[in-house]
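# Structural overview
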Amino acid sequence: MGDWLYLIIGIAVLAVLTVVGFIVARAPGRRGTGADVVAPPAPADVAAPVELEPTAEPLVVEPEAPAAPALEKPEGTASRLVRLRQRLAGSQGALGRGLLALLSRDRLDEDTWESIEDTLLTADVGVAPTQELVEHLRTRLRVEGAPEDARDVLREELLALVGPDMDRRLQVSGAAGQPGVVLVVGVNGSGKTTTVGKIARILVAEDRSVVLGAADTFRAAAVEQLATWGERVGVDVVRGPEGTDPASVAFDAVKEGVDTGADTVIVDTAGRLQNKAGLMDELGKVKRVIEKQAPVTEVLLVLDATTGQNGLIQARVFSEVVDVTGIVLTKLDGSAKGGIVVQVQRELGVPVKLVGLGEGEDDLAPFDPGAFVDALLG
């Protein structure tokens, strides 16, 4: 009985193995040739993965900065003096022609001398200078020469009246390596701020480094105007918000001049005359504060030459406020009467150093007494 059981189990196992073999034989990959299943390639046979280059950062295109404005090249002093003679000859010749016509008369009687005095007074020469000039002319023409020599005599006397020996140099250099400090004063409307810009151009033409101080802080227009002048010739302008203490702006301007080694600092100031006491206090404070940094080397008073006697009143006020060292006469090419040069110098005892001859950027020139007298005579 045990043997039959083993036999039956053996037959069953054999049958199961036969069925499994049949199923495996019909599986995919075994049909046909009966080729072996291809094993997956060894790791060494697999191509190495391609490493991609990191993507470049996107190119950032910076917006182009606006091109800096081209700096202007100011006109030199020599050509300014040529135009000084031309402009003055066209505007001031009437005085000289009138005087020469009177002095060339066959007979110089009292009526003629009175007419000469009237001509000089009308030209704003002033009473004392007029009397002095007439007296000298009468003596010389009576003693030294005939009326045909009148032009030479008149030229010499007018030149002496204008003061050819006065020191008209601008004190724009400091001592011991410090910058020269120029304080510019004058009433609003006299051309003060414009004059500051034009003086800067003269100095730049002489290859001097300049700093401007916009201390007329009560007029926003004055500050903007000065900034424009500075931009044109590449000059730094120190400024503050409208209403800032003028003395603090002046102090900062001179400090920058000292720190940067500038040759000259030019400070524009307020010019209100409504309150004389307030003006005196303000300008006095500005000068005191400036001199904590460097001494003031020049105080220029700007006068509108067309204002005549009003200009002299202004001159007196400012001479009481600060120690004026030089005068700038603007608009001398217009309706101004040339005699104001003589009168203002006599009034203040200081020389006219610069004259304005027009509205152009370079229409400011050193005052030349000889050229001025020649222009008067035509």
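Remember, it's a predicted structure, so these values are computed and weren't measured experimentally.

### So, the environment of Ala-175
Inspection of the secondary structure puts Ala-175 in the loop between helix H5 (150-162) and strand E1 (180-185). With relative accessibility at 54%, the residue Ala-175 sits in the exposed group. Ala-175 sits 122 residues away from Thr-297 along the chain, and the two C-alpha atoms are 9.4 Å apart.

### A few points about the packing of aromatic side chains
Where two aromatic rings form a pair, the distance of their centres and the angle of their planes describe that pair. Evaluated as defined, the whole model comprises one aromatic pair. Ring geometry for Phe-367 against Phe-372: centres 5.2 Å apart, planes inclined by 55°, an arrangement best described as tilted. Neither Phe-367 nor Phe-372 differs from the other in exposure class; each is buried. Just above the ring of Trp-229 sits the side chain of Arg-232; from NZ or CZ to the centre is 5.4 Å.

### Focus on unusual backbone geometry
Its identity is not glycine, yet Asp-124 carries a phi of approximately 70°, on the positive side. Checked against the element boundaries, Asp-124 lands in the loop between helix H3 (110-122) and helix H4 (127-143). One non-glycine residue, Ala-176, lies in positive phi territory at about 55°. Tracing the backbone shows Ala-176 in the loop between H5 and E1. Classification of Ala-176 by relative accessible area gives exposed; the value is 83%.

### Section: the sheet that holds strand E2 (residues 210-214)
Backbone-to-backbone hydrogen bonds pair the strands of a sheet. The strands run either parallel or antiparallel. Judged by pairing direction, the sheet is mixed, and its eight strands sit side by side in the order E3-E2-E4-E1-E5-E6-E7-E8 without closing on themselves. Bordering the open sheet on either side are strand E3 (236-238) and strand E8 (364-366), each of which pairs with just one other strand. Ignoring strand direction, the axes of neighbouring strands in this sheet form an average angle of 25°. With five bridges connecting them, E1 and strand E4 (residues 264-268) associate as parallel partners. Looking across to E4, one finds that Val-184 is bridged to Asp-268. Against the sheet, helix H6 (residues 192-205) engages E1, E2, E4, strand E5 (298-304), strand E6 (326-330), strand E7 (352-356) and E8, with an angle of about 170° to E4. Sitting on the sheet, helix H7 (residues 220-233) is in contact with E2, E3 and E4, with an inclination near 170° to E2.

### Remarks on helix H12 (residues 369-377)
Burial runs high along H12: eight of the nine residues are buried. Among all positions of H12, only Pro-369, Gly-370, Ala-371, Phe-372, Val-373, Ala-375, Leu-376 and Leu-377 are buried. Its side-chain oxygen at 3.0 Å from the backbone nitrogen of Gly-370, Asp-368 defines the N-terminal cap of H12. Once H12 ends, the next one or two residues include Gly-378, with phi positive near 80°.

### Observations concerning the pairing of E6
Most of E6 sits inside the fold, with five of its five residues counted as buried. Across five bridges, E5 lies against E6 in parallel orientation. Residue pairing for E6: Leu-301 is matched across the bridge by Ile-327. With helix H10 (residues 309-321) bridging E5 and its parallel neighbour E6, the resulting β-α-β unit is right-handed. The sheet contact formed by E6 and E7 spans three bridges and is parallel. Directly across from Leu-329, in E7, lies its bridge partner Val-355.

Definitions and cut-offs
- Residues numbered from 1 in each chain as written.
- Predicted model: local features only at pLDDT ≥ 70, side-chain atom pairs only at ≥ 80, totals over all residues.
- Heavy atoms only, no water.
- Helix = DSSP H or I, 4+ residues; strand = E, 2+ residues; numbered from the N terminus.
- Buried < 20%, exposed > 50% of the residue type's maximum accessible area, 1.4 Å probe, protein only.
- Phe/Tyr/Trp six-rings, centres within 6.5 Å; stacked < 30°, edge-to-face > 60°.
- Lys NZ or Arg CZ within 6 Å of the ring centre and 35° of its normal.
- Pairing = 2+ DSSP bridges.
- Axes fitted to C-alpha atoms, helices over the stretch in contact; angles between N-to-C directions.
- Contact = heavy atoms within 4.5 Å.
- Polar contact = N/O pair within 3.5 Å; in protein donor to acceptor, adjacent residues only side chain to side chain.
- Right-handed = clockwise from strand over helix to strand, strands pointing away.

Taken by themselves, the reported measurements are silent on function.
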